[in-house]
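Single-letter residue listing:
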Amino acid sequence: MTLHRIHSWTPAAVVFDCDGTLMDTERHWQDARIRALREYECEPGAGFAERAKGLHYTECGRLMAEEAGRPELAGEITGRLLAHFRVLVAGNPIIMPGARQLVESCAKFAPLAVASNCPREVVESSLGRSGLLGRFDHVVVPGGEIRPKPHPDVYLTAARLCGAAPADTLAVEDSLCGIQAAVRAGTRVLGVGPWPGEQVADLVDLWVRSLDEPELSGWAEGRAGHGPG
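Along each chain, the written sequence defines residue order, and numbers are assigned to residues from 1. The predicted origin of the model limits local features to residues at a pLDDT of at least 70 and limits the giving and counting of side-chain atom pairs to 80 or more, whereas totals for whole chains, interfaces and linings rest on all residues. Each side-chain value is worked out from all heavy atoms of the structure, with water and hydrogens disregarded.

Student: I tried to follow the packing of helix H1 (residues 26-38) against helix H4 (residues 74-91) on my own but got confused; where do I start?
Tutor: Axis angle and axis distance: for two packed helices, these are the angle between their axes and the distance between the axes, and together they describe the pair. To define axes, lines are fitted to C-alpha atoms, for helices over the stretch in contact only, and angles between the resulting N-to-C directions are given on a 0 to 180 degree scale. The secondary structure listing takes helices from DSSP runs of H or I that are at least 4 residues long and strands from runs of E that are at least 2 residues long, numbered from the N terminus. At a minimum axis separation of 8 Å, H1 and H4 run at an interaxial angle of 135°. By the criterion of interaxial angle, the relationship of H1 to H4 is oblique. The chirality of how H1 crosses H4 is right-handed. Two secondary-structure elements touch here, H1 through His28, Trp29, Asp31, Ala32, Arg33, Arg35 and Ala36 and H4 through Arg80, Leu81, Leu82, His84, Phe85, Leu88 and Val89. If an angle is under 35 degrees, it is roughly parallel; if it is over 145, roughly antiparallel; if it lies from 65 to 115, roughly perpendicular; otherwise it is oblique. Crossing handedness follows the turn of the near helix against the far one: under a right angle anticlockwise gives a left-handed crossing, and clockwise gives a right-handed one. What makes two residues a contact is simply this: any of their non-hydrogen atoms within 4.5 Å.

So this is what it looks like as structure tokens:
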């Protein structure tokens, strides 16, 4: 890992994705998709999980309906997906390694927001149960004129609410869909998770396997007392 693209930079705002970035909920989405599809006697095919990762839940519901050969039931399947997910995440909210420390360190030098494709009540409930919600100044989700990722709207809105220009904002993301949204918004991007390959990694300013990487923690701690830029 190298911090050469951001090592001397202090963001004016930091915006975190939630699922797979702050909270270990991707496993819950995977289980919810499988449970919902099985209700329609469908087993997801190879590569389905990767195609579904990071999508807005309505888009995921449409994808699932197509997978099941029942496109006319997209709304119904979306409802089943959300119902299963809410039960799973409420019963087992897990914070991603290093997320709490990074959030607390970043809160010392910049306003923070969450930009998620999930319903607001799901985001606020999972972050609330984990004790992280109070660290964030804003939670931005799709709705009204705010389109879901990979559109840039949630990141543009989060940066604006934090009083920062997109170019002065750091987005923290784990999925291609979210990275595309952040890049289109004009933010700098910290990607996290297993190595995604050069094509995806080239889109971000820094890729780390986990938010608990010591060099990343050291960078965040060192930003306190620095002005943006």
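Next, the rest of the story.
Student: Could you clarify how one ought to interpret the pairing of strand E2 (residues 112-115) in this entry?
Tutor: Residues in a regular strand point their side chains to alternate faces of the sheet. Burial of the side chains of E2 extends over both faces: Leu112 and Val114 are buried on one face and Ala113 and Ala115 on the other. Here, a strand pair is defined by DSSP locating no fewer than two bridges between the strands. Where strand E1 (residues 13-16) lies against E2, 3 bridges are found, and the strand directions are parallel. Residue pairing across strands places Val14 opposite Leu112, the latter belonging to E2. Summarising the sheet, E2 and strand E3 (residues 138-140) pair through 3 bridges and their orientation is parallel. The residue of E3 that forms the bridge with Ala115 is Val140. You can see the chain leave E2, run along helix H6 (residues 120-130) and come back into E3, and the turn it takes is right-handed. Only protein chains enter the accessibility calculation, which uses a 1.4 Å probe. A residue is then buried if its area is under 20% of the maximum for its type, exposed if over 50%, and partly exposed in between. Here the term right-handed applies to a crossover when the path leading from its first strand over the helix to its second strand runs clockwise, the strands being oriented away from the viewer.

Student: Whenever I open this one, the packing of aromatic side chains confuses me. Can you help?
Tutor: Two numbers describe a pair of aromatic rings. These are the distance of the centres and the angle of the planes. Note on aromatic contacts: the rings of Phe and Tyr and the six-membered ring of Trp form a pair at centre separations within 6.5 Å, being stacked when their planes are under 30 degrees apart, edge-to-face when over 60 apart, and tilted otherwise. Throughout the structure, instances matching the rule amount to 3 aromatic pairs. Aromatic side chains Phe16 and Phe136 sit 5.9 Å apart centroid to centroid with 80° between the ring planes, which places their arrangement in the edge-to-face category. Placement of Phe16 in strand E1 and of Phe136 in the loop between H6 and E3 is noted, with a sequence separation of 120 residues between them. The exposure class assigned to Phe16 is buried, which follows from its relative accessible area of 0%. Where Phe109 meets Trp219, the ring centres are 6.2 Å apart and the plane angle is 80°; that geometry is what we call edge-to-face. Separated by 110 residues along the polypeptide, Phe109 in the loop between helix H5 (99-106) and E2 and Trp219 in helix H10 (residues 214-223) bring together distant segments of the chain. Owing to a relative accessible area of 13%, Phe109 belongs among the buried residues under this scheme. Lysine NZ or arginine CZ positioned within 6 Å of the ring centre and within 35 degrees of the ring normal marks a charge as sitting over the ring. The aromatic ring of Trp9 is capped on one face by Arg188, whose charged end is 4.0 Å from the ring centroid.

Student: When you look at the state of the cysteines in this model, what are you seeing that I'm missing?
Tutor: Among covalent bonds in proteins, the disulfide is the one between the sulfur atoms of two cysteines. Two cysteine sulfur atoms make up a disulfide if the distance between them is within 2.5 Å. Summed over all chains, the structure comprises 0 disulfides. Residue Cys106 stays outside any disulfide, its sulfur separated by 12 Å from that of Cys162, the closest cysteine.

Student: Any chance you could explain the nonpolar core here in plain terms?
Tutor: Soluble globular proteins tend to pack their nonpolar side chains together in the buried interior. Membership of the largest hydrophobic core comes to 54 residues, with the highest contact counts inside it found for Val14, Phe16, Leu22, Leu127, Phe136, Leu190 and Leu211. It is H4 that contributes the most residues to this core, 7 residues altogether. Residues within four places of Leu127 in sequence aside, it is in contact with Cys18, Leu22, Met23, Val114, Leu132, Leu133 and Phe136. Grouping buried Ala, Val, Leu, Ile, Met, Phe, Trp, Tyr and Cys residues that are joined through side-chain atoms within 4.5 Å yields what is termed a nonpolar core.

Student: What exactly am I supposed to notice about the packing of H4 against H6 here?
Tutor: Relative to each other, H4 and H6 sit at 10°, their axes nearing to 10 Å. Considering their axes alone, H4 and H6 lie roughly parallel with respect to each other. Along the contact surface, H4 presents Phe85, Arg86, Val89, Ala90 and Gly91, while H6 presents Glu121, Val122, Ser126 and Arg129. Three residue categories are used. Nonpolar comprises Ala, Val, Leu, Ile, Met, Phe, Trp, Tyr, Cys and Pro, charged comprises Asp, Glu, Lys and Arg, and polar comprises the others, including Gly. Of the residues assigned to the contact of H4 with H6, the class counts are 4 nonpolar, 2 polar and 3 charged.

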